[in-house]
Amino acid sequence: MANNALINKIKAKAENNPDEYEDFELAIDDVSKELLNAAQSVCCSLDIPLTYEIKEISGENGLKKNLLLFDKKKYARKAAALNDSGVVFGFVMDYCEKNGDSLRSFRDRLDFALSLYPNHIFFPQLEKGTGAPKPTGTTNSIDAQTARDLAFAASVFYTYGRAVPWFLSVIKALKMSSTAFLADFAEWQRVDNCDFSRFDAAGAEHEEIEKMQLVFLKQKFEEKHKEPIFPAVEDIVRLNGAFSRTVSDDEERIIETTYNPDDLLSPEAFDLARFVESSVMQSCQVAIFAGEDGPDYKIL
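Here's a quick rundown of the structure. In this text the structure is predicted, and so the values were computed from the model without any measurement.

Let us now look at the layout of surface pockets. The space that makes up the largest pocket amounts to roughly 1300 Å³. The wall of the largest pocket is formed by 43 residues, among which Tyr21, Asn119, His120, Thr159 and Arg162 lie closest to the centre. Elements with a minimum of two residues in the lining of the largest pocket: strand S2 (44–49), strand S5 (88–92), strand S6 (120–122), helix H5 (141–160), helix H8 (206–223) and helix H9 (230–249). The class makeup of the residues in the lining of the largest pocket is 25 nonpolar, twelve polar and six charged. Approximately 200 Å³ is the volume attributed to the second largest pocket. As for the second largest pocket, its lining consists of 13 residues, and the residues nearest its centre are Pro165, Leu264, Ser266, Ala269 and Phe270. For the lining of the second largest pocket, the secondary-structure elements that each account for two or more residues are helix H6 (167–174) and H9. Within the lining of the second largest pocket, the residues separate by chemical class into ten nonpolar, three polar and no charged.

The structure is reproduced here in structure tokens:
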């Protein structure tokens, strides 16, 4: 019933105001071929809670322990269908909120969620007070605050930083997990006075966050002794950032790249280390503009 009601709501939007952006929240089970067909005709985002269950089981010596369960295969299958359809979607997540959840479990869920290419991840707890949940039987106050800072780092770098097109290729080049990378970014935010209590991510201009991303990425590639890869990373971040801002304001932008944008935007650029080894640097001046089917570019 929920699926049918939502499909009808989206169809009504398609008839009345298809170009006005709207968020729709739905359960993962509500993602269907019919719903995706309807959503393709409107400007919207599908926000899907990443839900889980906590089951108490008997461990060694009769001690009870909590087992956190969620259906990874289902989420992966539905996310693949969403990505294939081109419908924008994101996940809604909590952290260390339920007794039985832990910092480690949250990191596992976040790593998994980011591997599915969501457009964004929304953490409702960040909108409430301090954002750090109260300690539970499985989460102490330090872990709760660490989880909060990790969620905020993901919000800034990935969601508000519009990093979905290139995030996984960057952490692949660094040979890091998503949460290890974001944990380092959270520490960088704390040291640089732009952490949860001191930075308004929602109110920041995207270009401001992009500058933060590039400063941090340069530091990480230097730290990992992978400096030769960074020029390609910088090009990809700046190209995609210009694309996203052109969608927002239709203004033409001109940027300079170290590599040919045709190469940077090809599938081969996902493996950045191999791309840099096999590609020739070619300084280009690139105009980013609004095309008929979305943002486009030309080499000047």
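Resuming the write-up.
A word on the packing of aromatic side chains. Using the criterion set out here, one finds 22 aromatic pairs in the structure. With a centroid separation of 5.4 Å and 90° between ring planes, the pair formed by tyrosine 158 and phenylalanine 167 is classed as edge-to-face. Given a relative accessible area of 2%, tyrosine 158 falls into the buried group. Phenylalanine 167 sits in the buried class, given a relative accessible area of 0%. Geometrically, the ring pair formed by phenylalanine 167 and phenylalanine 181 is edge-to-face, given 5.8 Å between the ring centres and 80° between the ring planes. With a gap of 14 residues between them, phenylalanine 167 in helix H6 and phenylalanine 181 in helix H7 (residues 178–191) connect regions that are remote in the sequence. There is no split in this pair, since phenylalanine 167 and phenylalanine 181 are both buried. Aromatic rings pair up to connect Phe157, Tyr158, Trp166, Phe167, Phe181, Phe185, Trp188 and Phe216 into one cluster. Over the face of the ring belonging to tyrosine 52 we find arginine 109, whose NZ or CZ atom lies 4.2 Å from the ring centre. Above the face of the phenylalanine 289 ring, lysine 298 is positioned so that its terminal group lies 6.0 Å from the ring centre.

On to the nonpolar core, then. Core analysis: the biggest nonpolar cluster contains 92 residues, and Leu46, Leu110, Phe123, Phe157, Phe167, Phe181 and Leu217 have the highest contact counts within it. Broken down by element, this core gets its largest block of residues, nine residues, from H5.

All right, on to the side chain of serine 279 then. The residue serine 279 is located in the loop between helix H11 (272–278) and strand S8 (284–291) in this model. A relative accessible area of 19% places serine 279 in the buried class.

Cut-offs used in this document
- The written sequence of each chain sets the order in which its residues are numbered from 1.
- Only residues with pLDDT of at least 70 get local features here, since the model is predicted, and only at 80 or more are side-chain atom pairs given and counted; chain-wide, interface and lining totals rely on the full set of residues.
- No hydrogens and no water enter the side-chain calculation; it runs on all heavy atoms of the structure.
- Each cavity reported here is a set of points on a 1 Å grid over the protein atoms alone in which a 1.4 Å probe fits but cannot get out, each pocket an open set with protein on both sides within 12 Å along at least five of seven lines, and each lining residue one with an atom within 4 Å of a point.
- Grid points are joined across faces, edges and corners, and a volume is the space filled by probe spheres set on the points.
- Counting from the N terminus, the helices are the DSSP runs of H or I reaching at least four residues and the strands are the DSSP runs of E reaching at least two.
- Asp, Glu, Lys and Arg are counted as charged, while Ala, Val, Leu, Ile, Met, Phe, Trp, Tyr, Cys and Pro are counted as nonpolar; the rest, among them Gly, fall into the polar class.
- Note on aromatic pairs: the rings of Phe, Tyr and Trp (six-membered ring only in Trp) are paired at centre separations within 6.5 Å, and the planes decide the class, stacked below 30 degrees, edge-to-face beyond 60, tilted for the rest.
- Only protein chains enter the accessibility calculation, which uses a 1.4 Å probe; a residue whose area is less than 20% of its type maximum is buried, one above 50% is exposed, and one in between is partly exposed.
- Should the NZ of a Lys or the CZ of an Arg lie within 6 Å of a ring centre and within 35 degrees of the ring normal, that charge is described as sitting over the ring.
- Residues grouped as a nonpolar core are buried Ala, Val, Leu, Ile, Met, Phe, Trp, Tyr and Cys residues, joined through side-chain atoms within 4.5 Å.

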